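Observations on the model geometry
Each chain, letter by letter, is given below.
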Protein chains: 2
Amino acid sequence: MIASSLVSASVVVAAAQAADPLPSWNGGQARQSIVAFVEKVTTPGSPDFVPVPERIAVFDNDGTLWCEQPAPVQLYFALDRVKALAPQHPEWKDQEPFASLLKGDVKAALAGGERALLELLAATHTGMTSDEFSAIVKDWIATAKHPTTGKLYTDMVYQPMLELVAYLRANGFKTFIVSGGGIEFMRAWTERVYGIPPEQVVGSSVKTKLEMRDGKPVIVRLPEVNFNDDKAGKVIGIYEHIGRRPIAAFGNAVGDQQMLEYTQGGSGARFELLVLHDDAAREFAYGPTRGLPVAKTGGAFTPALEEHARKDGWTVVSMKSDWKVVYPASTR
Amino acid sequence: MIASSLVSASVVVAAAQAADPLPSWNGGQARQSIVAFVEKVTTPGSPDFVPVPERIAVFDNDGTLWCEQPAPVQLYFALDRVKALAPQHPEWKDQEPFASLLKGDVKAALAGGERALLELLAATHTGMTSDEFSAIVKDWIATAKHPTTGKLYTDMVYQPMLELVAYLRANGFKTFIVSGGGIEFMRAWTERVYGIPPEQVVGSSVKTKLEMRDGKPVIVRLPEVNFNDDKAGKVIGIYEHIGRRPIAAFGNAVGDQQMLEYTQGGSGARFELLVLHDDAAREFAYGPTRGLPVAKTGGAFTPALEEHARKDGWTVVSMKSDWKVVYPASTR
């Protein structure tokens, strides 16, 4: 009995050691650079060893952890909210950006620029309590489908990135999202989908205030931007929320550049990675040689960003050649 | 050998189970209410069971985790910075609040109210990079001594509260500081002193900006208030940083009232506690029947707050009768 238990235990350990933590990654340079970094910062006695509390990794969300094409998911949420709320707002028939949106003309609606986006944000993301907003997002994301693939948005997360997040966590990293997207929009589902809890999500936000309703304190969302977590804002967001410099950063667009530079600017071993969307067959192709179909906060992976990555030694992941699969197996 | 190992293991387990997690607490109602709460939310199958990710506990800092008398520690830090910087600022000799401070007259300096405090904050907490500020705080707190006890400030943390924080953590709670104090002032030492990492510290902040210096990105601290984490601000700070409602909250003054109310306002088992400073012999006495010697952001434990606690069933800890010791043994 004892002997057989010992044998079983050894087998389990060997299997765990042999198990590939990144099964959806091909064996190219991107994968090698990830594994080499994790091994050197976690090997006791290594000159690059980093104590567990300092193993902070930050991930952009749109285009880095899940699909952002043909438009960011949060924009589809806003459009669906406009449709759902339209019966209570007959005036929207003659009022932009709502009139165009209700006619299905997103391009005309967004021609109003930042002002149109802010009106859309105010109408769809504010005025309710924090608990009500969270419930609205949870209900929506449980059933909303992507316009071209027909999949749930939460089934369009990148399987190789899920493995990477889990691999870092298994190696003592604390994983954070640092996204230009709405912080409370993401917090409603990131724990379930990525295993990243609300307190490890950093994002853009609206102002809020404390109010008493029926003798209970509630937080009410106000139609005013509080923080824009994009470009330099991502570094400020990291400082405010995390309070220390990450040692690893993952992004896909010019909105992530400062976050990667700031990560790289610390002392000791550092890791920076950009996801290059070059896989039109399995996802969307909008790399350096292509314009981005819909304007996106934070912008695209530009030729300048590609040059920057090359110069600074950032790892660039080709979705086409570095990833065996794009989406989780159950939904492929 | 095997038999004796098994016996040793059993002894160790029994000792661990028998070990008192709160040895500095007397066996009164306060202690009982803490233990009863923790047991009911952590017992699987209990109607009050709370899953680990939702076990969020928030602690005020000044007067709840460490001594805030005769004035908050951060004010002493600012005063010492004024003295250290005075040679570079000859104009301060004739300029309030600095002139009074340099003469040692804190009361006259603070007579300038909020404007004087903001000038003091700007002169002592801003203008440098985030890394420089963190280093200044770390250097200062390693040697600075309390004006009446002569102890290091970090030796004037409350031993029973250290035990309580550790007890909650051992039971799957994530512990956060939510303080009116400066977020970066606290982050420089809370991990070492309380075991609370920077990303679990919420506090007041100044605005910051990203700058390139010598080709490296740095964060520069600006002389403008960004967020006041006090009273209703504590609830907003919790929403922004943590993104879910705590199930336990610990404070000592009117600045904590909204945070405790918000905690209590959620569904399921909740716990709220106030530390009452009624121990003039071992610490300071400034409870409901006494005025507070130095004005403090967030104010004191007022008679109205005591009445509020009684009405809402909040646990009130008498330092005098509930705590066997106040400060850690090595420094008592």
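Throughout, residues of each chain are indexed from 1 in the direction in which the sequence is written. Chain letters and ligand numbers both follow the written order, the letters beginning at A and the numbers at 1. Note on the predicted model: pLDDT of at least 70 is required for a residue's local features to be given, and 80 or more for side-chain atom pairs to be given and counted; whole-chain, interface and lining totals, by contrast, use all residues. Working from all heavy atoms in the structure, the side-chain values ignore hydrogens and water.

So, on to the overall build of chain A. Helix and strand labels come from DSSP, where a helix needs a run of H or I of at least four residues and a strand needs a run of E of at least two; each type is numbered from the N terminus. Across its full length, chain A carries 14 helices and 7 strands. Note that the radius of gyration is over C-alpha atoms, with the globule rule given as 2.2 Å times the number of residues to the power 0.38. For 332 residues, the compact-globule estimate of 2.2 N^0.38 gives 20 Å, and chain A sits close to it at 21 Å. Here chain A holds 332 residues, and 54% of them are scored as buried. Put simply, chain A shows about 14,200 Å² of open surface, and 56% of that area lies on carbon and sulfur atoms. We score Asp and Glu as negative and Lys and Arg as positive, and we do not count His or the chain ends. Just so you know, the charge point we use is NZ for Lys, CZ for Arg, CG for Asp and CD for Glu. Charge-centre separation for chain A: the mean point of 34 positive side chains lies 2 Å from the mean point of 38 negative side chains. When accessible area is computed with a 1.4 Å probe and restricted to protein chains, residues below 20% of their type maximum are described as buried, those above 50% as exposed, and intermediate ones as partly exposed. Accessible surface is estimated by sampling points in the Shrake-Rupley manner with a 1.4 Å probe; for residues, cover comes only from the protein chains shown.

Residues and elements named next belong to chain B. Sheet architecture is open: 7 strands sit in the order β4-β3-β2-β1-β5-β6-β7, paired in mixed fashion. Edge positions in the open sheet fall to β4 (216-227) and β7 (315-318), since each of these has one partner strand only. This sheet shows a mean twist of 30° between the axes of neighbouring strands, independent of strand direction. Pairing of strand β1 (residues 56-59) with strand β5 (residues 248-251) involves 3 bridges; the strand directions are parallel. For Val58, the partnering residue across the bridge sits in β5 and is Ala249. Here, any two strands with at least 2 DSSP bridges between them count as paired. Here the axes come from fitting lines to C-alpha atoms, over the contacting stretch only for helices, and the angles between their N-to-C directions go from 0 to 180 degrees.

Least-squares fitting of one copy onto the other uses the C-alpha atoms of those residues that reach a pLDDT of at least 70 in both copies. Between the two copies, chain B and chain A, the superposition gives an RMSD of 0.0 Å; the rotation angle is 180° and the shift along the axis is 0.0 Å. The symmetry that links the two subunits is that of a two-fold axis. Rotation axis and chain B: the residue whose C-alpha lies nearest the axis is His241 of chain B, separated from it by 3.2 Å. Both copies share a contact surface, since 100% of the interface residues of chain B are interface residues in chain A too. Contacts are assigned to residue pairs that have any heavy atoms within 4.5 Å of one another.

Turning our eyes to something else, we now look at the pairing of strand β5 (residues 248-251) of chain A. Residue and element names in this part refer to chain A. Across the two faces of β5 the burial is the same, with Ala248 and Phe250 and Ala249 and Gly251 all buried. Two strands pair when backbone bridges link them, and β5 and strand β6 (residues 271-276) are joined in this way by 4 bridges, in the parallel orientation. Bridge pairing in β6 links Ala248 to Phe271.

Residue and element names in this part refer to chain A. Overall, mixed pairing links the 7 strands, which are arranged β4-β3-β2-β1-β5-β6-β7 in an open sheet. Where the open sheet ends on each side, the last strands, each with one partner, are β4 (216-227) and β7 (315-318). Averaged over neighbouring strand pairs, the angle between their axes works out to 30° when direction is ignored. Taken strand by strand, helix α12 (residues 257-264) contacts β1 (56-59), β2 (174-182), β5 and β6, and its axis lies near 165° from that of β5.

Time to look at the pairing of β6 of chain A. Where burial is concerned, most of β6 of chain A is hidden: 6 out of the 6 residues are buried. Once you follow β5 of chain A into α12 of chain A and on to β6 of chain A, the crossover reads as right-handed. Handedness of a crossover is defined as follows: orient the strands so they point away from the viewer, and if the path from the first strand over the helix to the second runs clockwise, the crossover is right-handed.

As a further point, take the packing of helix α2 (residues 29-42) of chain B against helix α8 (residues 159-170) of chain B. Residues and elements named next belong to chain B. Where α2 meets α8, the axes come as close as 11 Å, and the angle between the chain directions of the two elements is 15°. One way to sum up the angle between α2 and α8 is to call them roughly parallel. When you trace α2 past α8, the crossing you get is right-handed. Here Ile34, Val35 and Val38 of α2 lie close against α8, whose contacting residues are Leu164, Tyr167 and Leu168. Its residues assigned to classes, the contact of α2 with α8 shows 6 nonpolar, no polar and no charged. Orientation labels follow simple angle bins: below 35 degrees gives roughly parallel, above 145 gives roughly antiparallel, 65 to 115 gives roughly perpendicular, and whatever is left gives oblique. Each helix crossing is assigned a hand: it is left-handed if the near helix lies turned anticlockwise from the far helix by less than a right angle, otherwise right-handed if that turn is clockwise. Under the convention adopted here, Pro, Cys and the residues Ala, Val, Leu, Ile, Met, Phe, Trp and Tyr are nonpolar, Asp, Glu, Lys and Arg are charged, and Gly plus all remaining residues are polar.

Salt bridges, as used here, are contacts in which a Lys or Arg side-chain nitrogen is within 4 Å of a carboxyl oxygen on Asp or Glu. Enumeration over the complete set of coordinates arrives at 30 salt bridges over all chains. When the shortest N-O distance is used, the salt bridge between Glu119 of chain A and Arg115 of chain A registers 3.4 Å. Placement of both Glu119 of chain A and Arg115 of chain A in helix α6 (residues 113-125) is noted, with a separation of 4 residues, approximately one turn of the helix. Since its relative accessible area comes to 26%, Glu119 of chain A is described here as partly exposed. Between Glu307 of chain B and Arg310 of chain B there is a salt bridge, with the nearest N and O atoms lying 3.0 Å from each other. Of this pair, Glu307 of chain B and Arg310 of chain B both sit in helix α13 (residues 303-312), 3 residues apart, which is roughly one turn of that helix. Assessed through its relative accessible area of 60%, Arg310 of chain B is described here as exposed. The network of salt bridges with common partners includes Lys174 and Arg244 of chain A together with Glu191 and Glu199 of chain B.

Our focus in this paragraph is the interface of chain B and chain A. Contacts between the two partners involve 36 residues from chain B and, on the opposite side, 36 residues from chain A. A 1.4 Å probe defines the accessible area here, and the buried area is the portion of it lost by two parts on being joined, summed over both. Around 3,100 Å² of area is buried between chain B and chain A when both sides are counted, 51% of it from carbon and sulfur atoms. Summed over the three residues of chain B that lose the most area to chain A, namely Glu199, Leu210 and Tyr239 of chain B, the buried surface amounts to 21% of that side. For Asp131 of chain A, the salt bridge identified is with Arg245 of chain B, shortest N-O distance 3.6 Å. N or O atoms within 3.5 Å of each other form a polar contact, as long as, within protein, one can give a hydrogen and the other can take it, and as long as residues adjacent in sequence are counted only when both atoms are side-chain atoms. Counting across the interface, chain B meets chain A through 20 residue pairs in polar contact (both at pLDDT 80 or more). It is helix α11 (residues 232-241) of chain B that provides the largest number of residues to the side of chain B that touches chain A, a total of 6 residues. In the side of chain B that touches chain A, the residues fall into 15 nonpolar, 8 polar and 13 charged.

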